[in-house]
Each structure stands twice: as structure tokens, then as C-alpha cells.
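Architecture at a glance
Chain residues, written in single-letter form:
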Amino acid sequence: MPTDVIMPQMGESIVEGTITKWLKKPGDKVQRDEPLFEISTDKVDAEIPSPAAGVLQEIKVAEGATVQVNTIVGTISADGEAAPAKPAPAPAKASAPAPKKEAAPAEASSAPQPAAAQESESEDDHARSSPLVRKMAREHNVNLAQVPGTGLGGRITKQDILDFIEKSEQPAAAPTQPAPPRPAPAPSAPAPRPAAVSIPGDLVPLTNMRKIIAQRMIESRRTSAHVHCMYEVDFTRIVQLRNKHKNGFEQRHGARLTFMPFFVRAAIIALQQWPIINASLEGDSVRYHKHVNIGIAVALDWGLIVPVLKNADELNFLGLQRGITDLGERARGKKLKPEEVDGSTFTITNPGQFGAVFGLPIINQPNAAIMGVGGITKMPLVVTDKEGTDSIAIRSVVHLTLGYDHRIIDGAVADQFMALVKKTLEGWSEEVG
């Protein structure tokens, strides 16, 4: 009997996934646990391994389609079975919403409906929405009959309901009064209207990951009162330390010695001193987290993801380096689990790896702060020796920025936090393993 290939549930809260790419085509041989297709969810992008060895007999769900977890997306026949391979379906396109019956004027408004309206949802609305979408509709008093679905067969996706809620919450424009008549101007030659400019190019739909990034960035700017501060750090001591130990470190531990664990360790020390930076706002209360979970932003060819180094405050320097390397490699290889991108209490991003002097990052919700690491460059600095004599020297310098939520973090606290990060880095004394 053929083996069914199903859409896996990548986390407790994930109810659907989008197939972004099939890595095999019907008729191809496949080994057990060999990557078979790629999916995108609200949490992660991942490669899904084959559940069995054999031949991919049929692809039931096309690339670009979003389906619920446990949906059969393909079948694999045992190697040698005579079942003919069926051609793959054409990639899914966003379908137009099904036409609706004309409603009475009182029902024609796109404003959210009262909660009672949710109880009268039709079976059709139930069938074309996931439990998560229906839960969001109930929480925002939205009638799903008014929400156009862009998923397969008019299915309402999470993004559809979010777009509808956002549009419904925008205040209606106030009616304008007609302007009083003005005297007619003297006859003149009519001014020519400029011709419409047509700009050549391609219109490419956003990927699922890009939609999620866009949504979360806007939500963060609307949620937190963003303020940034920047500190210049003399990084010469650590640059020299890394150059001295990097070869031996790799030989002993089988891992490259990078600069990131230095920044992470300095941040942990400062977070323990200033726990409000490691906290998050919940309603009218502040939650102080017991552990330090560091989100490490990883740039991908297809977007950005922030895997989380859990309980980083309990790791030594070697543990930090190994954890950072592991998360980065699995993020680029689409091997992360949903729980590995959840639960951060503080985030570090590194725009400096591409040459930026500094960045002004957006807070990763529900964190209260994010630290940006700029590029490490050489520049002249005034250096004071033990006798108090000043001189100009060429030093390795890095600019660090802290984006913080001014609702719960005051500028004085943020500055003292960054001052401790700077002091730790400039006077580094820990062994690097």
C-alpha cells in the first residue's frame, strides 16, 4: 500500500502550513528521511523529510497552497510497485473570493459584527477557515462571511483575517462640506495633463515569511514606544584575544570562535544587573523573567528568523559559542523547530556583518529591548594611559545600539545597561576556552 505524506503539525499552536517547494517530482525515487518538500508556517520555514523509502507516486497539494495539518499532500509507493506516477498539480494561485448575495443596507458595512453574529456562522464559513482563524474572528467580533479568502478554494488564511481586522479598525473619514462656489476665472488655454507614467517591472507576491515579517514589524512599531541609544566601544582587546586563540579554539572544540558570544555574554551580565531590560509588558503589569533567553537574528537568503538560545545565563563561553553556531546553521538549513523561535526575553541583531556602522533595530515583541551590533572598524581614538597621559592610537571600534520600549524602560536605565555592556567588553577578563 502507498504511504501517505501528510502536512505535519510543527507546533501546538500551528494549525496550517503552506507548501513552498516540492524537492522531488512524481516518479522520483526517495529515501526515508530524505528532504521531500519545504513548508512555511507562522513560526518557521522547514524541510519535511520523507516518511518512507520508495517512489513519489502523487503530489496532491501544489506549491503555494495552504492546507490544515494532517492533510494528505502526497503519496509514496514502495520501490518496485507498478502504480504509475501522477503528474503534479499546477502551482496554486490566490483565488478570488466567492461572490456573495446582496445584503440589506444594515449588513453591507464592513465593520465587525456583534458576537451574536458569530453564532450564526454558516457551515461554508466553518469549512473554509481554520480553528485559529475562527478564534481570532470571535475575539474581534468579525463575521467570517464578510472576509474574502485568498487561500486554496477561497479558504480564509490567518493573514486574511488580520488584514480585515486592521482595515475595520481604521477610522472612517469625516464627511467634507462642499466648498462655496468661486467666481469663474477668466478664459485661458487649458493646461495639458501630464501623461501617466508606466514603470516597467514585475509584480511578485510576497512569500509567507515576508508577510509575517511585515506584519510583525508594523505591530511592533505600533505597540512599543521605540527609543534608541548608541555607544562606541573600544573592541581592540577582544579582537586581539580572538586572533590569538581562534586556531586553538577550533582545534580543541571543533567550532569557530566568532565575536557573537562576546556580545551575548556582555549582554547577559548587564541583563542580570538591570532585569527590567529582560522583562516584558503584560497588560498593566511587568513580567520579570527568571532566565535570560537570547534571540539571535539570522539573515537568510529568503528573509530573517530569530532562533532563541534558551537559558543562556546558565551557559559558559564555550556553550554560548556552540549554541549560537548550532542555531545559525539549522536556521539556514530549515531545520529549526517551532519552539526554538519562541520564548526570547532579549534579542541581538548584527547588521555590522554586512558593513553597517550601526543600526536602529525594531524591537522583537514581546521583548522590551533589542541590541544592534555594528561593524568592527579601525579608527583613531584618544587613549589615556595609567599615568593619565593622552595619545592618539589606531583602535578596533564597534558601535552598539539599544532599541528599548520607553513605556517600561527609562533612558537612565538603558544608558546604565549599555555602559555596563561597554565596560565588560573593553575590560574583557573571562577565559574563552
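What comes next is a walk through the structure. What you see is a predicted model, and the numbers here were worked out from it, not measured in a lab.

**Focus on the overall build of the chain**
Each helix and strand in the chain was counted, giving nine helices and 19 strands. A burial count over the chain gives 41% of its 433 residues as buried. The long-range fraction of contacts in the chain, counting pairs at least 24 apart against all pairs at least 6 apart in sequence, stands at 66%.

**Focus on the side chain of Ser344**
Position of Ser344 relative to the elements: it lies in the loop between helix 8 (317–332) and strand 16 (346–349). Once residues within four sequence positions are removed from consideration, Ser344 is found in contact with Asn293, Gly295, Val308, Asn364 and Asn367.

**Quick word on the sheet that holds strand 5 (residues 45–49)**
If you walk across this open sheet you meet the four strands as 5-4-2-7, and the pairing is antiparallel. The open sheet is flanked by strand 5 and strand 7 (66–68), the only strands paired with a single partner. The mean inter-strand angle of the sheet, taken between neighbouring strand axes irrespective of direction, is 40 degrees.

**Looking at the sheet that holds strand 8 (residues 72–77)**
An order of 1-8-6-3 is seen for the four strands of this open sheet, with the pairing classed as antiparallel. The open sheet is flanked by strand 1 (3–6) and strand 3 (29–30), the only strands paired with a single partner. Where strand 3 lies against strand 6 (residues 54–59), two bridges are found, and the strand directions are antiparallel. Note on strand 6: the bridge partner recorded for Lys29 is Val55.

**Details of helix 9 (residues 411–426)**
Spanning 16 residues, helix 9 covers 22 Å between terminal C-alpha atoms, matching the ideal 22 Å at 1.5 Å per step. All of the buried residues along helix 9 are Val413, Ala414, Phe417, Met418, Val421, Thr424 and Leu425. Seen along its axis, helix 9 keeps its buried residues to an arc of 130 degrees; they face one direction. Away from its buried face, by an angle of more than 90 degrees, helix 9 presents the exposed residues Ala412 and Lys423.

Conventions we followed
- Each chain carries its own residue numbering, running from 1 in the direction its sequence is written.
- Given that the model is predicted, a residue must reach a pLDDT of at least 70 before its local features are reported, and side-chain atom pairs must reach 80 or more before they are shown or counted; all residues, however, enter totals for whole chains, interfaces and linings.
- Only heavy atoms go into the side-chain values, all of them from the structure, while hydrogens and water stay out.
- The secondary structure listing takes helices from DSSP runs of H or I that are at least 4 residues long and strands from runs of E that are at least 2 residues long, numbered from the N terminus.
- Burial here depends on accessible area, computed with a 1.4 Å probe over protein chains only, as a share of the maximum for the residue type. Under 20% is buried, over 50% is exposed, and the range in between is partly exposed.
- Only heavy atoms matter for contacts: two residues are in contact if any of them lie within 4.5 Å across the pair.
- If DSSP finds at least two bridges between two strands, the strands pair.
- Only the stretch in contact is used when a helix axis is fitted, and all axes are lines through C-alpha atoms; the angle between N-to-C directions ranges over 0 to 180 degrees.
- Helix span is expected to be 1.5 Å times the residue number reduced by one.
- Taking the helix axis as origin, the arc is that swept by the directions to the C-beta atoms.

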